[in-house]
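Observations on the three-dimensional arrangement
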Amino acid sequence: MAAWAPAERPRPALSPPARRRPGFLSKMAAPSGRSGGRLWIALVPAALLCLATRAAEEPGTAHFDVRPGGEVHSFSRSLGDYTCTFTYSAQGGTNEQWEMNIGVSEDNLLFSCSVWRPQGKSYLFFTQFKAEVKGAKIEHAMAYSQAAAGGQSNIPLKQEEFEITETTVSHREGKFRFELSKLMIVAKTPRDEL
């Protein structure tokens, strides 16, 4: 059986002259041969997993689709010890692009979570909604039937349409009028008392 050998590659002209030594490029290149290939096959997925985990724990905005059809759907984001989850059921129309933004204040005392439709007004008929935070207790929350966009203003839901607990903001059965375009939560993080 013939031994496997890498194909000869033409050497590019490099300067300074010290870089023209035989073997210089092979020292700089990725591992070659069968065992080196296995190493790369193992390292690339691990590196991607680390990047994905890190990205999921960074403050900022994530995009997601709110899908009609009457089924219950959820979207979550985490930042360190804190998580925000938006759960809903909606009817009518087609998918809408929504955003979730999470962050922690510089002094680490507040965790914020906002969920909204950037175009301002949702045309979906929400049968239920709930935004839940984990790792912090809600200090302030508000729900809106229209989000500020394109010269439009935020239009808050009436207080009787939704309820706020220590960790959730949700529709109030029988009072909610099925319109939702934005949720905002500011929660207090636990801190060590001296």
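Presented here is an overview of the structure given in this document. (Residues numbered from 1 in each chain as written. Predicted model: local features only at pLDDT ≥ 70, side-chain atom pairs only at ≥ 80, totals over all residues. Heavy atoms only, no water.)

What follows concerns the side chain of Glu-96. Within the secondary structure, Glu-96 is located in strand 4 (residues 96-104). What Glu-96 contacts, discounting residues up to four positions off in sequence, is Phe-64, Asp-65, Val-66, Arg-117, Ser-122, Tyr-123 and Leu-124. (Helix = DSSP H or I, 4+ residues; strand = E, 2+ residues; numbered from the N terminus. Contact = heavy atoms within 4.5 Å.)

Attention now moves to the sheet that holds strand 6 (residues 125-134). Strand order across the open sheet formed by 5 strands is 2-3-6-10-9, with antiparallel pairing between neighbours. The sheet terminates laterally at strand 2 (72-79) and strand 9 (162-164), the two strands that pair on one side only. Averaged over all adjacent pairs, the angle separating strand axes in this sheet is 15°, with direction ignored. Taken together, the 8 bridges between strand 2 and strand 3 (residues 82-91) define a ladder with antiparallel strand orientation. In the strand pairing of strand 3, Leu-79 is matched with Tyr-82. (Pairing = 2+ DSSP bridges. Axes fitted to C-alpha atoms, helices over the stretch in contact; angles between N-to-C directions.)

Right, let's talk about unusual backbone geometry for a bit. Phi at Asn-108 takes a positive value of approximately 60°, unusual for a residue other than glycine. Along the polypeptide, Asn-108 turns up in the loop between strand 4 and strand 5 (110-116). Owing to a relative accessible area of 48%, Asn-108 belongs among the partly exposed residues under this scheme. The backbone phi angle of Phe-178 is positive, close to 70°, even though this residue is not glycine. Mapping Phe-178 onto the fold places it in the loop between strand 10 (168-171) and strand 11 (182-188). (Buried < 20%, exposed > 50% of the residue type's maximum accessible area, 1.4 Å probe, protein only.)

Summed over the entire model, instances satisfying the criterion amount to 1 disulfide. Disulfide pairing is shown between Cys-84 and Cys-113; the S-S distance is 1.9 Å. The S-S bond linking Cys-84 to Cys-113 shows a torsion near -65°; that makes this disulfide left-handed. Of this pair, Cys-84 sits in strand 3 while Cys-113 sits in strand 5, and the two are 29 residues apart along the sequence. Of the two residues examined, Cys-84 and Cys-113, each falls in the buried class. (Disulfide = S-S within 2.5 Å.)

A few words now on the pairing of strand 6. Relative to strand 6, strand 3 is paired through 9 bridges, and the arrangement is antiparallel. Its bridge partner being in strand 6, Ser-89 is matched across the sheet by Gln-128. Here 3 bridges tie strand 6 to strand 10, and the two strands are oriented antiparallel to one another. In the strand pairing of strand 10, Lys-130 is matched with Ser-170.

Time to look at the packing of aromatic side chains. For any pair of aromatic rings, geometry is given as the distance between the ring centres together with the angle between the planes. One pass over the structure, following the stated rule, counts 10 aromatic pairs. Between Phe-64 and Phe-75 the ring centres are 4.2 Å apart and the planes differ by 10°, which places this aromatic pair in the stacked class. With Phe-64 in strand 1 (residues 60-66) and Phe-75 in strand 2, this pair connects stretches of sequence that are 11 residues apart. For the pair Phe-86 and Trp-98, a centre-to-centre distance of 6.0 Å together with 15° between the ring planes defines the contact as stacked. Within this pair, whereas Phe-86 is found in strand 3, its partner Trp-98 is found in strand 4, the two being separated by 12 residues in sequence. As far as the burial class goes, Phe-86 and Trp-98 line up, both buried. A connected cluster of aromatic rings, assembled from ring pairs, spans Phe-64, Phe-75, Phe-86, Tyr-88, Trp-98 and Phe-126. The cationic tip of Lys-182 hangs over the ring face of Tyr-144; the distance from NZ or CZ to the ring centre is 5.4 Å. (Phe/Tyr/Trp six-rings, centres within 6.5 Å; stacked < 30°, edge-to-face > 60°. Lys NZ or Arg CZ within 6 Å of the ring centre and 35° of its normal.)

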